[in-house]
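Here is how the chains run, residue by residue.
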Amino acid sequence: MLSMTIWIPIYDRIIVPFLQKITKKEAGITVLQKMGIGLFIAVFTMLVSALVETRRRNVAFSHPTLGIETRRGEISAMSANWLIPQLALAGLSEAFTVIAQVEFFYKQFPENMRSFAGSFLFCGFALASYMSSFLISVVHKTTRTSDTENWLAEDLNKGRLDYFYYLVAALEVLNLGYFLICAKWYKYKGTQNDHNLEIALEKLEPNKTLV
């Protein structure tokens, strides 16, 4: 949330005016380009998360703990500040993707359906939550063996959370590829093709008699 709060005004006040001079577009870059950047950063976020988790696991096995805290267990020798980069990248990804989605739904839907369009973002969040739970269940069942824990074991040192991050990164690469295919063929509202479609529809209407 902090990275989103810091980045959004920087983007609006500094990045957008700079891009406007280069691209000659009012928003600097298109809505779909914003989404694409956010999806790319999401992939990079998972890769960074996997690398940090690999380091954390190595530190847990190679360095002694700093002591034991009551009800919380052993204190890791690795600083929690290592989590800051991946969380900051996650916020940056959402700053591009979520805001672009809101703008896309609001501008690209017909004017009389804008209220309905606003619900699409939250429907997407709900569907993503279900898909996330399904993915975790699949990982639990498929990665568990008779002598080892699954990737998402309660004890992180016995699991392989870094493998799970790599799996999510791979799925996000597929998602990014699918998005690029859809974005390539998408025609924005108000383009020449949209205007031609409106003219064709008008020609299909029956001739009206004048009274």
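Residues numbered from 1 in each chain as written. Predicted model: local features only at pLDDT ≥ 70, side-chain atom pairs only at ≥ 80, totals over all residues. Heavy atoms only, no water.

Going by what an unreviewed UniProt entry lists, the protein chain is known as Protein nrt1 ptr family 2.9 and is assigned to Nicotiana attenuata. Of the comments in the UniProt record for the protein chain, the one headed Subcellular location (unreviewed entry) reads "Membrane". (UniProt positions renumbered as here; feature names shortened; annotations may be inferred.)

### With respect to the packing of helix H2 (residues 31-62) against helix H3 (residues 84-108)
Direction vectors running N to C along H2 and H3 enclose 160 degrees, while the axes themselves pass 8 Å from each other. The angle between H2 and H3 falls in the class roughly antiparallel. In the packing of H2 onto H3, the handedness of the crossing is left-handed. Partitioned by chemical class, the residues of the contact of H2 with H3 number 17 nonpolar, seven polar and two charged. (Axes fitted to C-alpha atoms, helices over the stretch in contact; angles between N-to-C directions. Helix = DSSP H or I, 4+ residues; strand = E, 2+ residues; numbered from the N terminus. Parallel < 35°, antiparallel > 145°, perpendicular 65-115°, else oblique. Left-handed = near helix turned anticlockwise from the far one by under 90°. Nonpolar A, V, L, I, M, F, W, Y, C, P; charged D, E, K, R; others polar.)

### Side note on the UniProt feature "transmembrane region" (unreviewed entry) in the protein chain
Mapped onto this structure's residue numbering, the UniProt feature "transmembrane region" (unreviewed entry) falls at residues 31-52, 118-143 and 163-181. End-to-end, the C-alpha atoms of residues 118-143 are 38 Å apart, and along that stretch the chain is 100% helix and 0% strand.

### A word on the side chain of Ser3
Tracing the chain through its elements places Ser3 in helix H1 (residues 2-23). Within polar-contact distance, the side chain of Ser3 engages the backbone oxygen of Ala88 at 3.3 Å. Ignoring anything within four residues of it in the chain, the contact list for Ser3 reads Leu87, Ala88, Gly91 and Leu92. (Polar contact = N/O pair within 3.5 Å; in protein donor to acceptor, adjacent residues only side chain to side chain. Contact = heavy atoms within 4.5 Å.)

### Looking at H1
Under the 1.5 Å per step criterion, the end-to-end length of H1 is 29 Å for 22 residues, consistent within 8% with the ideal 32 Å. Of all bends in H1, the biggest is about 45 degrees, found at Tyr11. Listing the buried residues of H1 in full gives Ser3, Met4, Tyr11, Val16 and Leu19. Buried residues along H1 sit against H2 and H3. The first or second residue beyond H1 is Lys24, which carries a positive phi of 60 degrees. (Expected span 1.5 Å × (residues − 1). Bend = angle between axes of the 7 residues up to and from the residue. Buried < 20%, exposed > 50% of the residue type's maximum accessible area, 1.4 Å probe, protein only.)

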